[in-house]
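# Per-entry structural report
What follows is the residue order along each chain.
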Amino acid sequence: MRKTDINQYTGTPAPNGYQEHSAGSVALTATKRTLSVIGKALLTVFMVMLVTGAIVGISMIFYIASLSGESIDYDLRTAKLNQTSYIWVMDENGEFYEDQEIQAETKSEWVDFEEIPDAMKKAMIAIEDRRFNEHHGVDWIRTGGAVLNLVGGHKSGTNFGGSTLTQQLIKNLTDEDEVSLTRKLKEIFRALNFEKRYSKDEILEMYLNVVNYGSGCLGVQAAANLYFDKDIQDCSVAECAAIAGITQNPSAFTPLLHPQANRGRREIVLKAMLDQGKLTQAEYDQAMKESATMTFAKPDTSNLVDNQIINNWYYETMLQDVAKDLAGKRNISEKEASRQLRTQGMKVYCAMDKRAQDIAEKVMNNEEYMPTDTDIQLGIVLVGYDGRILASVGQRGEKEGNLWMDYANNVERQTGSCIKPISVYAPALEHGLINFSTVIDDEPIEWDVNGDGVKEKTWPPNADGKYHGKVTIREAIKHSYNAVAAQVLVNRLTMPVSLDFLLGKVGITSLNREEDLLPSALATGGGSNGVTVREIAASFQIFGNGGVYHKPYTYYYVKDDRDNVILDNNTNPGIQAISSPTSTIMRKLMYSVVETGGTGPRAAISGTQVFAKTGTAEDTDSWFVGGTPYAVAAVWEGHPTPAKMSTADKRSSLTVWKMVMQEYIQGLEKKDYEDDPNVIAKQYCAVTGLLADSDKCPNKLTGYYTSGNMPGTCDGNHDNPDNTSSVSSTGSSETPVSSNPESQSSESSELSSTTTEPEPDPSSQQPESEPDPGSEPDGSSSDGGENNHTRPQN
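Because the structure is a prediction, the values reported are computed rather than measured.

## Focus on the overall build of the protein chain
When helices and strands are tallied, the protein chain shows 24 helices and 20 strands. In the protein chain, once contacts between residues fewer than 6 apart in sequence are set aside, the share between residues at least 24 apart is 70%. Accessible surface, the protein chain: about 35100 Å² in total, of which carbon and sulfur atoms supply 50%.

## Examining a negative patch on the surface
A cluster of acidic residues, Glu109, Glu114, Glu115, Asp201, Asp231 and Asp234, forms a negative patch on the protein surface. In this fold, Glu115 is placed in the loop between strand S3 (107–108) and helix H3 (118–128).

## Some thoughts on the packing of aromatic side chains
For the coordinates displayed, the defined rule picks out 18 aromatic pairs. Relative to Trp636, the ring of Tyr407 lies with its centre 5.4 Å away and its plane at 20 degrees, an arrangement referred to as stacked. Of this pair, Tyr407 sits in the loop between strand S7 (389–393) and helix H17 (420–430) while Trp636 sits in strand S18 (residues 632–638), placing them 229 residues apart in sequence. Among the residues examined, Tyr407 registers a relative accessible area of 8% and is labelled buried. Judged by centre distance (5.4 Å) and plane angle (85 degrees), the rings of Phe540 and Phe543 are edge-to-face. Looking at Phe540, the relative accessible area reads 0%, which means it is buried. Among the residues examined, Phe543 registers a relative accessible area of 0% and is labelled buried.

## Re the pattern of salt bridges
For the structure shown, the criterion picks out 24 salt bridges. Across the salt bridge formed by Glu267 and Arg263, the nearest N and O atoms sit 3.0 Å from each other. Placement of the pair is Glu267 and Arg263 together in helix H11 (residues 259–275), with a separation of four residues, close to one helical turn. A relative accessible area of 29% means that Arg263 is categorised as partly exposed. Ionic pairing is found between Arg413 and Asp621, a salt bridge with its closest N-O pair at 2.9 Å. Residue Arg413 is found in the loop between S7 and H17, and its partner Asp621 is found in strand S17 (residues 621–627); the two are separated by 208 residues along the sequence. One exposure class covers both Arg413 and Asp621, and it is buried. A single salt-bridge network, built from bridges that share partners, covers Arg587, Lys588 and Asp675.

## A word on the sheet that holds strand S16 (residues 611–617)
Here five strands make up an open sheet; going across it, the order is S7-S6-S18-S17-S16 and the pairing antiparallel. Each edge of the open sheet carries a strand with a single partner, namely S7 and S16. Across the sheet, the axes of successive neighbouring strands diverge by a mean angle of 10 degrees, strand direction being ignored. Note that strand S6 (residues 377–383) and S7 share four bridges and pair antiparallel. Paired with Val383 across the two strands is Ile389, which belongs to S7. Strand contacts of helix H16 (residues 354–364): S6 and S7, with the helix running at about 25 degrees to S7, the strand carrying the most contacts. Contacts from helix H24 (residues 652–665) reach S6, S7, S17 and S18 within the one sheet, and its direction differs from that of S18 by about 150 degrees.

## Some details on the packing of H3 against helix H7 (residues 200–210)
Between H3 and H7, whose axes approach to 11 Å, the crossing angle comes to 90 degrees. If you check the angle between H3 and H7, you find them roughly perpendicular. Mapping the contact onto sequence places Met120, Lys121, Met124, Ile125 and Glu128 in H3 and Leu204, Tyr207 and Leu208 in H7. Class assignment of the residues belonging to the contact of H3 with H7 gives a composition of six nonpolar, no polar and two charged.

## A look at a nonpolar patch on the surface
Taken together, the side chains of Leu43, Phe46, Met47 and Leu50 present a nonpolar region at the surface, about 390 Å² in accessible area. Within the secondary structure, Leu43 is located in helix H1 (residues 16–67).

## Some thoughts on the confidence of the model for the protein chain
Put simply, the protein chain has an average pLDDT of 84, and 81% of its residues get 70 or more. Long-range and interchain partners of residues 155–161, a stretch whose pLDDT sits below 50, account for eleven contacts in this model, where long-range means more than four residues apart. Residue range residues 721–761 is modelled with pLDDT below 50. Its contacts to residues more than four positions away, or to other chains, number 106 contacts.

## Points about unusual backbone geometry
Cis geometry is found at the peptide bond from Trp459 to Pro460, where omega equals 0 degrees. The topology assignment puts Pro460 in the loop between strand S10 (456–459) and strand S11 (469–472). Of note in this structure, Thr494 is not a glycine but carries a positive phi near 85 degrees. Tracing the backbone through its elements, the reader meets Thr494 in the loop between helix H19 (482–493) and helix H20 (495–504).

## A word on the nonpolar core
Met120, Tyr213, Met318, Tyr425, Phe543, Val656 and Tyr664 are the most contacted members of the largest nonpolar core, which has 192 residues in total. Of all the elements, helix H14 (residues 313–330) adds the most residues to this core, at nine residues. Here Tyr664 is in contact with Asp353, Arg355, Ala356, Ile359, Leu382, Leu390, Tyr630 and Ala631, once residues within four sequence places are set aside. Membership of the second largest hydrophobic core comes to five residues, among which are Cys685, Val687, Leu690 and Cys714.

## Here's the deal with H17
In terms of residue burial, H17 counts as a mostly covered element, since eleven of its eleven residues are buried. Count one or two residues on from H17 and you reach Gly432, which has phi positive near 70 degrees.

## Some details on the sheet that holds strand S5 (residues 347–350)
Taken in spatial order, the five strands make up an open sheet running S2-S1-S5-S13-S14, and their pairing is mixed. Single-partner strands in this sheet number two, and they are strand S2 (96–102) and strand S14 (565–568). Each adjacent strand pair in this sheet contributes to an overall mean axis angle of 20 degrees, direction not counted. Summarising the sheet, strand S1 (residues 85–90) and S2 pair through six bridges and their orientation is antiparallel.

## Considering the environment of Ser592
Structurally, Ser592 is set in the loop between helix H23 (580–591) and S16. Taking the relative accessible area as the measure of exposure, Ser592 reaches 0% and is therefore buried. Between the C-alpha atoms of Ser592 and Ile477, which are 115 residues apart in sequence, the distance is 7.5 Å. Among residues more than four places away in sequence, those in contact with Ser592 are Arg474, Ile477, Lys478 and Gly598.

## So, H19
In this model H19 runs 15 Å from its N-terminal to its C-terminal C-alpha over twelve residues, within 8% of the 16 Å that 1.5 Å per residue would give. For H19, a buried count of ten out of twelve residues is recorded, marking the element as mostly surrounded by other parts of the structure. If you check which residues of H19 are buried, you get Asn482, Ala483, Val484, Ala485, Ala486, Gln487, Val488, Leu489, Arg492 and Leu493. One or two steps after H19, the chain reaches Thr494, where phi turns positive at roughly 85 degrees.

## Digging into the packing of H14 against helix H15 (residues 334–343)
For any two helices packed against each other, the geometry is given by the interaxial angle and the distance between the axes. Where H14 meets H15, the axes come as close as 8 Å, and the angle between the chain directions of the two elements is 110 degrees. Relative to H15, the element H14 is oriented roughly perpendicular. The chirality of how H14 crosses H15 is right-handed. Contact residues: H14 offers Leu319, Val322, Ala323, Lys324, Leu326, Ala327 and Arg330, while H15 offers Glu334, Ala337, Ser338, Gln340, Leu341 and Arg342. Classifying every residue of the contact of H14 with H15 by side-chain character gives seven nonpolar, two polar and four charged.

Each value, and the rule that gives it
Residues numbered from 1 in each chain as written. Predicted model: local features only at pLDDT ≥ 70, side-chain atom pairs only at ≥ 80, totals over all residues. Heavy atoms only, no water. Helix = DSSP H or I, 4+ residues; strand = E, 2+ residues; numbered from the N terminus. Contact = heavy atoms within 4.5 Å. Areas by Shrake-Rupley, 256 points an atom, 1.4 Å probe, with all protein chains shown as cover. Patch = residues over 30% accessible without salt bridge, like charges linked within 9 Å, V, L, I, M, F, W, Y side chains within 5 Å. Salt bridge = Lys/Arg side-chain N within 4 Å of Asp/Glu carboxyl O. Lys, Arg positive; Asp, Glu negative; His and termini not counted. Charge placed at Lys NZ, Arg CZ, Asp CG, Glu CD. Phe/Tyr/Trp six-rings, centres within 6.5 Å; stacked < 30°, edge-to-face > 60°. Buried < 20%, exposed > 50% of the residue type's maximum accessible area, 1.4 Å probe, protein only. Pairing = 2+ DSSP bridges. Axes fitted to C-alpha atoms, helices over the stretch in contact; angles between N-to-C directions. Parallel < 35°, antiparallel > 145°, perpendicular 65-115°, else oblique. Nonpolar A, V, L, I, M, F, W, Y, C, P; charged D, E, K, R; others polar. pLDDT = per-residue confidence, 0-100. Core = buried A, V, L, I, M, F, W, Y, C linked by side-chain atoms within 4.5 Å. Expected span 1.5 Å × (residues − 1). Left-handed = near helix turned anticlockwise from the far one by under 90°.

In structure tokens:
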């Protein structure tokens, strides 16, 4: 008998019916359990979806609510002014005077609503927004279709987005045309809020005065002047239709270039006006007859050159800065901000130092200082220690037009070695990872040079093709040793800290975290995009003003037509990029560049101390960046499209820097740097980099330190490689810092005031011998300094 046939309670055989019933009960129970599990799973999934949906829904509600206040700052009163704006400049006595009008870049003339013919208004509404007078800024029927298109991934169509005239006006004022849900939501709320401020007539007046009507025309009056040589109020129905049809695609429908395309489009406009009852059949027939034979005026350009005001290089970049800042403040496009700047009676108080600008332009126009290859261009920017741009010149030679390529402000080029002070040495010194005389192995690092996963110890090479064993930081800066910069970057500072410093502390905006977290970008200036002359000049101000970075500026403030200040750079406090002691020590390290045996001795200026750094990038870009107690200047030179330069031609960046700076400081009141009082001068052993023992170290130099970042004392054992560690007091020099470290440098009020070697006279920077021009030499020449001593080799 089977075990399953026994009654589990009595032990007697179960009847056959019971056995079948028991089996059925088991099966039913199993089915119920299965269904229960499935039900619970489905319930769980449903609840998860419900909760997720609720979270997403609430998030969307908050997100949409956050956009509900979106608006643009647009003032109809000032938009209608048509007043000339002016540039005001400060004279030698500190008084402002009106120097030059700001000329409009495009053809634009505001015309009041009453002067615009009804045919123009009706044509625009008929073709672009037939329900304009019925909605409140958004046509929800067209918007719903646009959302479906967006969700479906359809990006084609000339009217994608279903925008109303109000939304199109917003789009023209902000210049935002990104195909995204966020942009569309912003546009919707801006349009709704805009219609709360202005009437339909006011909105239509704005639209007809600011929208692009092709061939450089903003507004219907400019279009009527250009295409028909008449005022808009004198245009016929057909002519109004021709103008209205342009807005859908100004480059394709401008009648000067595409008369047949414009005819097809204007006749579509006329048909829409007829269908919507805005024209009678007779008016339509007459307009179509005129359209068939329509001709356009030929623009008179004979006097354009004579009437054009050529802005100097400084004014041009300043006007771009004002337009950018005004756009940000008013939430409009830079193009619209530029139009407002030129037509609303503004006064721009320029920060240019006229004398400095005149000197820079004179030098850049002097072929004696220029490369012999006339294709090579240069750019120079002179910056004060408060961030004020004193002078800017964007090309060599005479400026004979506007909006030329500006190599000083708008072009990014690889910096080469001149990035090292801000990318490696300053942050490393600030974190106590090196000091003035720290000894580093001048040898390649292990790095995946080829990007194939194989690390090689072959990079970076030095300019002279050699490695020099153990050298001090001062020596590495003086001779621009690439390998030392790479060693400090990778093995001590770390690349994230370096990049954070460049992006967050000294205004280098062109680098990015995805592509430039590399030794080649941060140690030797081979970044993906490069840096502008303006940015590198401004970043070096921290070495002459106690470590403060000020964003560079070209204007003090801007006033509107009622003398209200609408933009202001007078409050530019800056940020403390590095400590004041670090600033002082870095500057003293960089004096060595222009001393005999350095990479830029020809830049030395008699009677003043110059801190500097040279830079070359693959022999295609040559830089010189340096400062005096008065200002910092940076000069770049290279071909418009990167190409090799001769050794002789690479001299020009340094020559131009010296000619400009030398003349600029002549006649100015004598000024010196302000050294931080917490910096201590000590003699160090030229071999080990440690503090010198007067009896045991015959070769001594003067270094500069803080009490918290002072090397140990040399024991006289100059042949022992283990005796070359030169950072003490603030932790191991071999420990890299984290991505967001707190400064490890320490200043104490209990500091020695003893100076064992006097600061050299500025005239000592005059060159006694000159290295190979245009290169960064190995410094093997004897200069009475560190290179005269034998170092322990690896």
